[in-house]
Amino acid sequence: MNTQNLGKLIHLKKLCTENNHFQMLAVDQRPPIFNIISQATGKEHTYSQVVECKKLITSHMSEFATAILMDPHYSLSNLLPFNKSKGLVITLEEHSFTETKKGRYSKNIPNWSVEKIKRAGGDAVKVLAWYRPDAESKSIEHQKNYVREIGQECEKYSIPFLLELLVYPFQDDENHTTEYQEQKQKKTQHVIDSVKEFAKDEYKVDIFKLESPVDSSQLEGEISQDTKAAFKDLSLATNNIPWVVLSSGMGKDSFYKCLELAYKNGASGYLAGRTIWLDAFNQYPNIKQVEEGLKKDSTSYVNKLNELTASNAQSLETYFNNGFKIESPEQFTKEFGGFE
């Protein structure tokens, strides 16, 4: 192996179960939680309300996760004492983005960086990049450069790069929205081609967080041959980079079906948030009822996901065993480099 990847592999293993599967919980959401609060109260969210919601999720759900995904502004700075998972993934990208008629432009959270995530004890850097292969050329180039630069920084600091890709509607599309939700009537090929691009070595992605290649409505009832083929194509597009599935707020049954299909095609777990915990917040701001929902329905559902993952997901045991082989162990200390 390239011994410079040793640190990355050790961090990645911390995100896994003993069977080398990923069962990761997301609490880094910002607009979705802002919306929960504003819709329930009729007022704009406050900082303390956002932290309260994230604390409820972390306190009750992190014990069922191998790792937790936190943002630095609300989560990392408040919730570490309540986290019961062992792995820590930290968000780098700002939730707001620049949008033009035919493109989106991602950026980092102000005053935040790969180096700071490493220094804060993160086990991986998570970045969501909006991407469409048919976007305007400026947007495509910006997003490619944005991801490439982060990949280089992650390589420098020996921390895994977890890339989340989402296709999105253009401003003049019928289903245009800037919300963090699945694009309605998305094109499977857009999802596949996006993954193919960022699976190239130049981006140095260590793990993908991927959406369903088909509209979640296609995961209800009997699964078509086209849908089965789409998941197979998605897996091939990853170029053997480990991948997990995101939930994008889809229904519980649809996400379970999505995982079944993904696991048949080599996915190694999930990184999910709203599908696990959102229903409990239908009772917000009644905190007691939110907690009841998390303890009962959310817990029951995540246990189902974990059972499915343990029995069906692609184990990374061979991936780690191969990665940890050092050809010249006697030369290790001499050859192993530092930060440049």
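Located above this text is the structure these notes cover.
This section reports on the structure supplied with the text. Computed from a predicted model, the values in this text were never measured in an experiment.

Here the focus is the environment of Ile-10. Structurally, the position occupied by Ile-10 is in helix α1 (residues 6–14). Along the primary structure Ile-10 and Gln-171 are separated by 161 residues, whereas in three dimensions their C-alpha atoms are 42 Å apart.

Once that is clear, we can look at the pattern of salt bridges. According to the stated counting rule, one finds 20 salt bridges in the structure shown. Among the salt bridges present, the one from Arg-132 reaches Asp-173, with a minimum N-O distance of 3.3 Å. Pair noted here: Arg-132 is in the loop between β6 (124–130) and α6 (137–156) and Asp-173 is in the loop between β7 (161–166) and α7 (188–198), with a separation of 41 residues, a long-range link. Asp-173 sits in the partly exposed class, given a relative accessible area of 26%. The closest approach of N and O atoms between Glu-197 and Lys-200, which form a salt bridge, is 3.0 Å. A relative accessible area of 40% means that Lys-200 is categorised as partly exposed. Sharing partners across several salt bridges, the network here consists of Asp-28, Arg-30, Glu-93, Lys-126, Glu-164 and Lys-209.

In this chain, Tyr-284 is followed by Pro-285 through a cis amide linkage whose omega measures 10°. Secondary-structure assignment places Pro-285 in the loop between α10 (274–277) and α11 (287–312). Even without glycine at this site, Ser-158 takes up a positive phi of about 50°. Inspection of the secondary structure assignment puts Ser-158 in the loop between α6 and β7. Of note, the phi angle at Asn-240 is positive, near 70°, even though the residue is not glycine. For Asn-240, a relative accessible area of 75% translates into the label exposed.

Right, let's talk about the pairing of strand β10 (residues 269–272) for a bit. Residues Gly-269 and Leu-271 point to one face of β10 and Tyr-270 and Ala-272 to the other, with burial holding for every one of them. With 4 bridges joining them, strand β1 (residues 22–26) and β10 adopt parallel strand pairing. Residue Phe-22 lies in a different strand from β10, and its bridge partner there is Gly-269.

Attention shifts here to the environment of Ser-59. Along the chain, the position of Ser-59 falls in helix α3 (residues 47–61). In this structure Ser-59 touches Phe-82 and Lys-84, once residues within four positions along its chain are discounted. Within the structure, Ser-59 has its side chain in polar contact with the backbone oxygen of Lys-55 (distance 2.8 Å).

Rules used in this analysis
Residues numbered from 1 in each chain as written. Predicted model: local features only at pLDDT ≥ 70, side-chain atom pairs only at ≥ 80, totals over all residues. Heavy atoms only, no water. Helix = DSSP H or I, 4+ residues; strand = E, 2+ residues; numbered from the N terminus. Salt bridge = Lys/Arg side-chain N within 4 Å of Asp/Glu carboxyl O. Buried < 20%, exposed > 50% of the residue type's maximum accessible area, 1.4 Å probe, protein only. Pairing = 2+ DSSP bridges. Contact = heavy atoms within 4.5 Å. Polar contact = N/O pair within 3.5 Å; in protein donor to acceptor, adjacent residues only side chain to side chain.

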